[in-house]
Amino acid sequence: MLAVLVLAVAVAGGAQGATYANGVDVSHWQGPIQWLQVASASYTFAFGKATEGKTLVDPTYSINRSGAQTVGLRFGAYHFARPGGSGDAAVIANAIAQADFFLDVAQPQAGELPPVLDLETKGGLPTAALQTWTSAWLDHVAARTGVDALVYASPNFWKTALADTTSVADGGSPLWIAHWTAGAAPLVPAGNWSGLGWTFWQHTSKASVPGFAHLVDGDRFRGPNPAGVAISAYAAGAPALNVPPTIVGTAQTGKTLAGLAGIWSGGKPVTFTYQWQRCDAAGAGCAPIAGATAETYLPVTDDVGHALLVTVTALGATGSGSASASSPPTVAVAAIGSTAARPAVTSAPAVTGTPQAGQTLTSSVGAWTGAPTGFAYQWRRCSDTGTACVAIVGAAASSYTLTPDDIGATISLVVTATGKGGSTSAPATTTAAVVAAPVPPAVVGSAVAQPGAAGAVSSADGSATVTWQPGAVPAGSTVSLSQSGKGLLVGVSPTPAQLPWPLDLVYAAPTTNVIGWSGGGKVWLVAPTVPTAALPVTELAGTYVDANGLTHVLLRTPARVGLFEHGVWGDPSLVAAGPPTPRLVGPLRVRRLRDGSVLVTGRLRVPSQAHLWISVQGPTRQSLLRRPGAVPVRVRLSGRRLPHGARATLRVAARDPWGRKAVLVAPFRAP
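Notes on the structure in this doc start here. Just so it is clear, the model here is predicted, and its values are computed rather than measured. (Residues numbered from 1 in each chain as written. Predicted model: local features only at pLDDT ≥ 70, side-chain atom pairs only at ≥ 80, totals over all residues. Heavy atoms only, no water.)

## With respect to the overall build of the protein
The line we're drawing: Helical segments are the DSSP runs of H or I of at least four residues, strand segments are the runs of E of at least two, and each set is numbered from the N terminus. Atoms considered for the radius of gyration are the C-alpha atoms alone. The globule rule reads 2.2 Å times the number of residues to the power 0.38. To sort residues, take the accessible area from a 1.4 Å probe on protein chains only and compare it with the maximum for the residue type: under 20% means buried, over 50% means exposed, and anything in between is partly exposed. The contact definition used throughout considers only heavy atoms, calling two residues in contact when any of these lie within 4.5 Å. For the accessible areas, the method is Shrake-Rupley and the probe is 1.4 Å, while residue cover comes only from the protein chains on display. Only four residue types enter the charge count: Lys and Arg as positive, Asp and Glu as negative, with His and the chain ends excluded. A single reference atom marks each charge: NZ on Lys, CZ on Arg, CG on Asp, CD on Glu.
The helix and strand tally for the protein stands at seven helices and 48 strands. For 671 residues, the compact-globule estimate of 2.2 N^0.38 gives 26 Å, and the protein sits close to it at 29 Å. Referenced to the eigenvectors of the C-alpha coordinate spread, the extents of the protein come out at roughly 105 × 60 × 50 Å. Taken over 671 residues, the protein has a buried fraction of 47%. Considering only contacts in the protein between residues 6 or more positions apart, those separated by 24 or more positions represent 64%. Split by element, the accessible area of the protein, about 29,300 Å² in all, is 55% carbon and sulfur. Within the protein, the 30 negative side-chain charges are centred at a point lying 18 Å from the centre of the 42 positive side-chain charges.

Here you go:
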């Protein structure tokens, strides 16, 4: 006789019913780790220390990486920072050297968790220099990999050592907060990380985890599965320049210059090589300087009167090619101790143009004494009150085209004039707050994105409209909105890998349904709720409700969007991001009853809605699990079918609503 009882129990944890994935972070201090035991205890991810400073490699990194991934844990690498340097150029060079060292050792791969910068010590740097060091490390990792690295820090360290700056959060780096507390949520610095909140949370340093000989750091991911923040497949092909290299430092003998590699699209990851060149005073007629092939250069007497530039070569993955680009030249190098008059502004620079997304601002440099021989420009993004300004990467020309990132901010320009006596900077008057471009009336079905303009397309039945701001969609691309199976298809042609700013799909009527999205139309993911219309850079989709009660879906990629009833079969909020893999919770128990029959009992955990097929040496029973969670299993077999010492197997097959399958096979011996 075969009897199977299957019950489904909802699983909820964390604050207000949130479900968090559990993980650990490790280094050589943990010693040997039994990773199979860690995975069996429902830990799903791990971070491992790869490097420290510019020379220290953690000896257990490769062992921990292999061990964690072998048992199915999502793995990521971190670098313990040892900031250093004196002066901007030396500070930046130190950060770049540590970033290169880390990437060369860690070699983060697609599917792994993003790389991590572990900030716990200032290295003697003042706050502004530490902010510069941090940004330089993160920017260089992004330049080489195309990935925004996580930042690990405690709330107190961020507030005291980095003055609670929001610039790193605004730059796109997610937060791994180190706050050891039994509370339901951690303290998050920098204005709740500019409203984005934490992504990972190290909630304790004293977690008791199977597989470790001692207590270990315990971590949580803000969600049921960290797969959503894993590194996407690296782009293929040769590197292509987006923003040219730049030089940081004063062009004067005896003062170090640092070359920044710039921003590159195309194949990733890349490595960079450098070649400094000596030019005439105007930056023409350049020739390579023998032996000057590092990211830094110390001008010498032969450079006096000459401008300098650095040529950076981006080398793609093996066989994918390379590309080179040069920085703008410096002003002519001055001799140390020069007494020539420094330029001074007599009429401030001025900015003209409309502060609206898609519009171009232009600048005049004003009037100067001191006979400047050249001018440099740096556009900055500031708060709506004109404070807390941050340099805009790549915005170093006399004009600047406003992007969706600028909406709500004011824009500042600093012009630097250079002459024989040195350099002097002067700001232009800050603009008014940048406004969004006006959205035109929606076109039914499809529309072509126009340069510098917003756009809108509505579905044929008027149930939804998709809008975009200038720059979000490449000019000339066609944006479409149409019915498709379970919902709406938002299309962009030619199809981009990812949009720089999201499209905004808004439903015409309020809805309380679960919002699902799908890149391929097979697997549907729940669109996470975001607090405002700003979609975090770690997300491809998000949803929020506006003041009128209408639901918006923000998309960084063309996708299908559907409305799902809560709790029904196929509700994406109840379907795991990966296969519906059943796992045993605790041991499988087998005992023989007085009548000679054998009773098999156990407890499963299924992470998803699933159709289950359960069998032991005989007929198969089916069950439809509508909510992920715990599943008790009880199987009774006759003694004749299962004599003493016989080998048998409990088999549980699962298939989720999207057709993905997984099987649990648990062998046992009859008592």
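## Points about the state of the cysteines
The following threshold applies: Pairs of cysteine sulfur atoms within 2.5 Å are identified as disulfides in what follows.
The full count for this structure, using the stated rule, is two disulfides. Two residues, C279 and C286, share a disulfide whose sulfurs are 2.1 Å apart. The S-S bond linking C279 to C286 shows a torsion near 105 degrees; that makes this disulfide right-handed. The exposure class assigned to C279 is buried, which follows from its relative accessible area of 2%. Since its relative accessible area comes to 28%, C286 is described here as partly exposed.

## As for the side chain of Q30
Formally: Polar contacts, as used here, are pairs of N or O atoms within 3.5 Å; protein pairs need one atom able to donate a hydrogen and one able to accept it. Residues neighboring in sequence count only if both atoms are side-chain atoms.
On the secondary structure map, Q30 appears in the loop between β2 (21-26) and α1 (35-40). On the accessibility criterion, Q30 (16% relative accessible area) is buried. Of note is the side chain of Q30, whose polar atom sits 2.7 Å from the backbone nitrogen of S27. Discounting residues that sit within four places of it in the chain, Q30 has contacts with D25, F212 and V216.

## Looking at the packing of helix α3 (residues 88-106) against helix α4 (residues 127-145)
Heads up, the rule is: The axes are straight lines fitted to the C-alpha atoms, using for helices just the contacting stretch, and the angles between their N-to-C directions are given from 0 to 180°. Working definition: roughly parallel below 35 degrees, roughly antiparallel above 145 degrees, roughly perpendicular at 65 to 115 degrees, and oblique for all remaining angles. It is the rotation of the near helix from the far one that decides the hand of a crossing: anticlockwise by less than a right angle makes it left-handed, clockwise makes it right-handed.
The contact between α3 and α4 brings their axes to 8 Å, and the two run at 40 degrees. Taken as axis vectors, α3 and α4 run oblique relative to one another. The two elements α3 and α4 meet at a crossing, and its hand is right-handed. Here α3 contributes D88, V91, I92, N94, A95, I96, Q98, A99, D100, F102, L103 and D104 to the contact with α4, which in turn contributes A129, T132, W133, A136, W137, H140, V141, R144 and T145.

## Here's the deal with the environment of P528
Within the secondary structure, P528 is located in the loop between β37 (525-526) and β38 (541-545). Placed 14 residues apart in sequence, P528 and G542 show a C-alpha to C-alpha distance of 4.9 Å.

## Some words on the side chain of T551
For T551, the position within the fold is in strand β39 (residues 551-555). The exposure class assigned to T551 is buried, which follows from its relative accessible area of 4%. The residues touching T551, leaving out its near neighbours within four places in the chain, are L505, V506, Y507, T511, I515, T543, Y544 and V545.

## A look at the sheet that holds strand β33 (residues 478-484)
Going by this rule: By this definition, two strands are paired if DSSP reports at least two bridges between them.
Spatially, six strands are ordered β30-β33-β34-β40-β36-β37 in an open sheet, and the strand pairing comes out antiparallel. Unpaired on one side and paired on the other, β30 (446-448) and β37 mark the two borders of the sheet. Here strand β34 (residues 487-493) pairs with strand β40 (residues 559-564) via four bridges, running antiparallel. Along β40, the bridge assignment pairs G487 with G562.

## Regarding the pattern of salt bridges
Side-chain pairing between opposite charges can occur once the charged atoms of the two side chains come close. Note the cut-off: One speaks of a salt bridge when a side-chain nitrogen belonging to Lys or Arg is within 4 Å of a carboxyl oxygen belonging to Asp or Glu.
Throughout the structure, instances matching the rule amount to nine salt bridges. Notably, a salt bridge pairs D104 with R144, separated by 3.2 Å at the nearest N-O pair. Here D104 is found in helix α3, whereas its partner R144 is found in helix α4, with 40 residues between them in sequence. Residue D104 is classed as partly exposed on the basis of its relative accessible area of 46%. Each of K49, E52 and R82 takes part in a single network of salt bridges with overlapping partners.

## Looking at the packing of aromatic side chains
The description of an aromatic ring pair rests on the distance of the ring centres and on the angle between the ring planes. Let me state the cut-off plainly: Two aromatic rings from Phe, Tyr or Trp, using only the six-membered ring of Trp, form a pair when their centres are within 6.5 Å; if the ring planes differ by under 30 degrees the pair is stacked, by over 60 it is edge-to-face, and anything between is tilted. Criterion for a charge above a ring: Arg CZ or Lys NZ at most 6 Å from the ring centre, at most 35 degrees from the ring normal.
Evaluated as defined, the whole model comprises 16 aromatic pairs. Here the aromatic rings of F47 and F200 are separated by 5.1 Å at their centres, their planes lie at 85 degrees, and the arrangement is edge-to-face. Taken together, the positions of F47 in strand β3 (residues 43-52) and F200 in strand β9 (residues 200-207) put the pair 153 residues apart, joining distant regions of the chain. Take F47 and F200: they sit in the same class, and that class is buried. Three or more aromatic residues joined by ring pairs make a cluster, and in this case those are F45, F47, Y152, W176, F200 and F221. In this structure, R220 is placed above the aromatic ring of W201, and the distance from its NZ or CZ to the ring centre is 5.0 Å.

## Details of the nonpolar core
What counts, and what does not: Put simply, a nonpolar core is a bunch of buried Ala, Val, Leu, Ile, Met, Phe, Trp, Tyr and Cys residues held in one set by side-chain atoms that sit within 4.5 Å of each other.
V24, W35, W133, W137, W158 and W193 are the most contacted members of the largest nonpolar core, which totals 55 residues. The biggest single contributor to this core is α3, with eight residues. The contacts of W193, once residues within four sequence positions are left out, are V151, W158, V168, A169, S173, P174, L175 and V188. Core analysis: the next-biggest nonpolar cluster, separate from the first, contains 26 residues, V457, W517, L555 and V561 among them.

## Description of the sheet that holds strand β35 (residues 503-507)
What the six strands build is an open sheet, ordered β29-β31-β32-β35-β39-β38; its pairing is mixed. The sheet is open, and its two borders are formed by β29 (443-444) and β38, each paired with just one other strand. In this sheet, strand β32 (residues 464-468) lies alongside strand β31 (residues 455-458) in antiparallel orientation, the contact comprising four bridges. The residue bridging S458 from the neighbouring strand is T465, located in β32.

From the geometry alone we can't say anything about function, so treat these as descriptive.
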